[in-house]
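The residues making up each chain are set out below.
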Amino acid sequence: MGRAFVAGLVVVAALTGCTVQTPDGEGKRRSPVHIELPSTTPSPGRTPAGDGSGPDPAPRPDDDKPRAAPAPPRVLWSRGDTGRDVRELQARLRQVAWLFDGPTGTYDEPTERAVSGFQGKRGLPRTGKADAVTWQRLLRMTREPGRWDLYLMGGQRADPPDARCRTGRVLCIDKTSRTLRWMVDGRTVSTMAVRFGSRGTPTREGVFSVYWKSRDHVSTLYDSPMPYAMFFSGGQAVHFSADFAARGYAGASHGCVNVRDETAIAQLYAQVRNGDKVVVSW
């Protein structure tokens, strides 16, 4: 009877997934049946799936901290800056019709207004400062300006003077740098930007001399004013040009040497004498 009872328990254990326990190391018998029940404590490292009835998990400590505002774009140039880069900015603003003066190479009030208008039109903050975002947008809309776009209204440096200009009193005119140096005994007294004739009416090159001065001259051939005219070759003269002052190198003369700075040529006119040398060269 006892053997049959034990055999029955073994069968039950096998069918129910239980195991028969052998004596332990001390020879004591444990219960012949060991039933493994599911634990009520989750195993380490696992999170039990919630059923939605419990409280929400606690928020992370930094979830409610305010987000830092993105850093504003870096400012490249602003009011008061000068240099070649400012000239390029101004030349490109001229291409998109936001600036009509210059380039001057100085970030002045008109440049600030032009930048602000350009920014506002494109949904950018209207700071009037040329920041990196504004500059990249302008680059995509314009072409690389050439030398005479950068110096459309003058301001370029003069090249070294021709050797023939180093003695005496000389109007030293350089077609390459588009400048006029007034030189006395090898010393440069003043320098100014000049403009020349077009391909159809070129300014003659060579060594000449001033043969006639006419303060309020008017051209009989073209019926146009030629103030502070200093004639050196036929009808060709150095004189002030209102058109050059207004349009810069976008225009050309009929062969004369145009000066756009009226104050500068007025001072030059007062110093030059008939007979002074004129050198026109490349």
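Since the structure is predicted, the reported quantities are computational estimates derived from the model, not experimental observations. (Residues numbered from 1 in each chain as written. Predicted model: local features only at pLDDT ≥ 70, side-chain atom pairs only at ≥ 80, totals over all residues. Heavy atoms only, no water.)

Here we come to the overall build of the protein. Looking only at helices and strands, the protein features 7 helices and 13 strands. For the protein, the residues scored as buried account for 36% of the 282 residues in total. Sequence-distant contacts in the protein: of pairs separated by 6 or more residues, those separated by 24 or more amount to 52%. Surface exposure of the protein reaches about 17,600 Å², of which carbon and sulfur atoms provide 54%. (Helix = DSSP H or I, 4+ residues; strand = E, 2+ residues; numbered from the N terminus. Buried < 20%, exposed > 50% of the residue type's maximum accessible area, 1.4 Å probe, protein only. Contact = heavy atoms within 4.5 Å. Areas by Shrake-Rupley, 256 points an atom, 1.4 Å probe, with all protein chains shown as cover.)

With that settled, consider the pairing of strand β7 (residues 187-195). Note that strand β6 (residues 179-184) and β7 share 6 bridges and pair antiparallel. The residue of β7 that forms the bridge with M183 is T188. With antiparallel pairing between neighbouring strands as the criterion, β6 and β7 make up a hairpin whose turn holds 2 residues, including D185 at a positive phi of roughly 55 degrees. In terms of strand pairing, β7 meets strand β12 (residues 257-259) through 2 bridges, oriented antiparallel. Across the sheet, R195 pairs through a bridge with N258, a residue of β12. (Pairing = 2+ DSSP bridges.)

Next up on the list: the packing of helix α2 (residues 84-95) against helix α3 (residues 109-121). Following both chains from N to C, one finds α2 and α3 inclined at 55 degrees, their axes separated by 11 Å at the closest point. In terms of orientation, α2 and α3 fall into the oblique class. Between α2 and α3 lies a crossing whose hand is left-handed. From α2, L89, Q90 and L93 reach across to α3, where they touch T111, A114, V115 and F118. In terms of residue class, the contact of α2 with α3 is made up of 5 nonpolar, 2 polar and no charged. (Axes fitted to C-alpha atoms, helices over the stretch in contact; angles between N-to-C directions. Parallel < 35°, antiparallel > 145°, perpendicular 65-115°, else oblique. Left-handed = near helix turned anticlockwise from the far one by under 90°. Nonpolar A, V, L, I, M, F, W, Y, C, P; charged D, E, K, R; others polar.)

The next subject is the packing of α2 against helix α4 (residues 132-141). The interhelical angle for the contact between α2 and α4, taken along N-to-C directions, is 55 degrees, at an axis separation of 10 Å. In terms of axis orientation, α2 runs oblique to α4. In the packing of α2 onto α4, the handedness of the crossing is left-handed. Touching E88, L89, R92 and L93 of α2 are W135, L138 and L139, all from α4. Broken down by class, the residue content of the contact of α2 with α4 amounts to 5 nonpolar, no polar and 2 charged.

Turning next to the layout of surface pockets. A volume near 420 Å³ is recorded for the largest pocket. Lining the largest pocket are 23 residues, with S219, Y222, S224, M226 and C256 sitting closest to its centre. Every element with two or more residues in the lining of the largest pocket is listed here: β10 (225-233), β11 (236-240) and α6 (242-247). The element contributing the most residues to the lining of the largest pocket is β10, with 3 residues. For the lining of the largest pocket, the class distribution of residues is 8 nonpolar, 12 polar and 3 charged. If you go around the second largest pocket, you meet 15 residues; those closest to its centre are K175, R178, F196, G197 and W282. (1 Å grid on protein atoms, 1.4 Å probe; cavity = no way out; pocket = protein on both sides within 12 Å on 5 of 7 lines; lining within 4 Å. Points joined across faces, edges and corners; volume = space filled by probe spheres on them.)

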